[in-house]
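Observations on the model geometry
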Amino acid sequence: MDEIELSTYGIFVSQTLDKISLTYDFINKDDAIKMCYENIEHYGVKELLIKYLKNDNKIDEIIRILKDDIKNHIRKDMAYDKLLDIYDEYGIQEEKKKILPEVIIETNSFARYKELKDMYSDSEWDSVKEKIISKIKHNNRNILEDIYMEENETNKLFELLKENPNIYRLAKYQDAVKDKYSKELLNFYKPQILEESKRVSDRKWYQELCHYIRKMKELDNSDDFIFDMLKEMYPNYRSKRAFKEEIMNVLSHKNKQRFYELIEK
């Protein structure tokens, strides 16, 4: 729609809402509800209809409308949220429990995953969890990584990280895998830090990059590895005073001594 069409549409919906509201409040409630159904494709009208149906305690009809909305809504996550809100508002927990696996799979919502997990006992959860994981597409790595971290599936989480060891994801999931894969994480960090250190930027950027050097410091047997990396990247920061200062701030005591000697040569 162009600007004029949007304006005309907005006026039409506003007038329709006013007409329905006046009919409901002063003339005939049934006629107003009928008008809502006739114009239900408009979001505001649908919201008004749900309000009227709540007044009449027609919860099953509200649920039917919201389930239909899921099929047609561009934003499935928003459509599901409205349905789940109704389940919460009226205490329809068993129906919510039934639909949550679908919500998780369709919207990749880790928050909903944790919500569903809380609704099951530990003994019940394993089979439910496996069914959900089996239906999540492999390229939806964000939710899979979060699930594997939540469920302490260290090996599976690491296999996903290994496929795309982005520096931000390494830092996010490091604590979940570092006990077993410290050496591998160090080797994933290094080439990315070396490459990023070539950038000429401001202190804020150097602080961000040094945040990942600090993350490396948390890994086992990292001191010598980090210092060797700093020697290799020395040409990239030789003339960057701010960068050198920020590196110094995140090093271990041992590496501070060695780094000071390196940059003072």
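Just so it is clear, the structure is predicted and the values come from calculations on it, not from any experiment.

Generally speaking, soluble globular proteins have nonpolar side chains that are buried together. Within the largest apolar cluster, 79 residues are counted, with the highest numbers of intra-cluster contacts made by Y189, I193, I213, L230, M233, Y237 and I247. Of all the elements, helix α11 (residues 167–196) adds the most residues to this core, at 12 residues. With residues near it in sequence (within four places) discarded, I193 still touches I167, L209, Y212, I213, M216, M229 and M233.

Mean pLDDT over the chain works out to 92, with 96% of the residues at or above the 70 mark. The spread of mean pLDDT over the elements of the chain runs between helix α1 (residues 3–27), the lowest at 78, and helix α7 (residues 110–117), the highest at 98.

To continue, consider unusual backbone geometry. Even without a glycine there, the phi angle at N108 is positive, about 55°. By the secondary structure assignment, N108 is in the loop between α6 (93–107) and α7. Positive phi outside glycine occurs at N221, with the angle close to 55°.

The subject of this paragraph is helix α2 (residues 29–38). Among the residues making up α2, those that are buried are A32, I33, M35 and C36. Mapping the buried residues of α2 onto a view down its axis gives an arc of 155°, with all of them on the same face. In α2, the exposed residues that point more than 90 degrees away from the buried face are D30, K34 and E38. For α2, the capping residue at the N-terminal end is N28, with a side-chain oxygen 2.9 Å from the backbone nitrogen of D30.

Attention now goes to a nonpolar patch on the surface. The grouping of L22, F26 and I27 at the surface amounts to a nonpolar patch, some 390 Å² of accessible area in total. Note that L22 resides in helix α1.

Another aspect to go through is the packing of helix α15 (residues 241–250) against helix α16 (residues 253–263). Look at α15 against α16: their axes get within 9 Å of each other, and the N-to-C directions meet at 160°. One finds that α15 runs roughly antiparallel with respect to α16. As for how α15 packs across α16, the hand of that crossing is right-handed. Residues K244, I247 and M248 of α15 pack against K256, F259, Y260 and I263 of α16. Considered class by class, the residues forming the contact of α15 with α16 number five nonpolar, no polar and two charged.

This paragraph deals with the pattern of salt bridges. Note on pairing: side chains with opposite charge can pair once their charged atoms come close. The full count for this structure, using the stated rule, is 32 salt bridges. Here R112 ties to E115 by a salt bridge, and the two come within 2.7 Å at their closest N and O atoms. With R112 and E115 both in helix α7, this residue pair falls three residues apart, about one helical turn. On the basis of relative accessible area, E115 is assigned to the partly exposed category, the value being 24%. Several salt bridges converge on common partners, so that one network encompasses D81, D88, K96, R112 and E115.

Relative to the helices and strands, N255 resides in helix α16. Its relative accessible area of 1% is what places N255 among the buried residues. A polar side-chain atom of N255 sits 3.0 Å from the main-chain carbonyl oxygen of D223. In terms of polar contacts, N255 uses its side chain to reach the side chain of R258, at 2.7 Å.

Cut-off values and rules
Residues numbered from 1 in each chain as written. Predicted model: local features only at pLDDT ≥ 70, side-chain atom pairs only at ≥ 80, totals over all residues. Heavy atoms only, no water. Core = buried A, V, L, I, M, F, W, Y, C linked by side-chain atoms within 4.5 Å. Buried < 20%, exposed > 50% of the residue type's maximum accessible area, 1.4 Å probe, protein only. Helix = DSSP H or I, 4+ residues; strand = E, 2+ residues; numbered from the N terminus. Contact = heavy atoms within 4.5 Å. pLDDT = per-residue confidence, 0-100. Arc of directions from axis to C-beta. Polar contact = N/O pair within 3.5 Å; in protein donor to acceptor, adjacent residues only side chain to side chain. Patch = residues over 30% accessible without salt bridge, like charges linked within 9 Å, V, L, I, M, F, W, Y side chains within 5 Å. Areas by Shrake-Rupley, 256 points an atom, 1.4 Å probe, with all protein chains shown as cover. Salt bridge = Lys/Arg side-chain N within 4 Å of Asp/Glu carboxyl O. Axes fitted to C-alpha atoms, helices over the stretch in contact; angles between N-to-C directions. Parallel < 35°, antiparallel > 145°, perpendicular 65-115°, else oblique. Left-handed = near helix turned anticlockwise from the far one by under 90°. Nonpolar A, V, L, I, M, F, W, Y, C, P; charged D, E, K, R; others polar.

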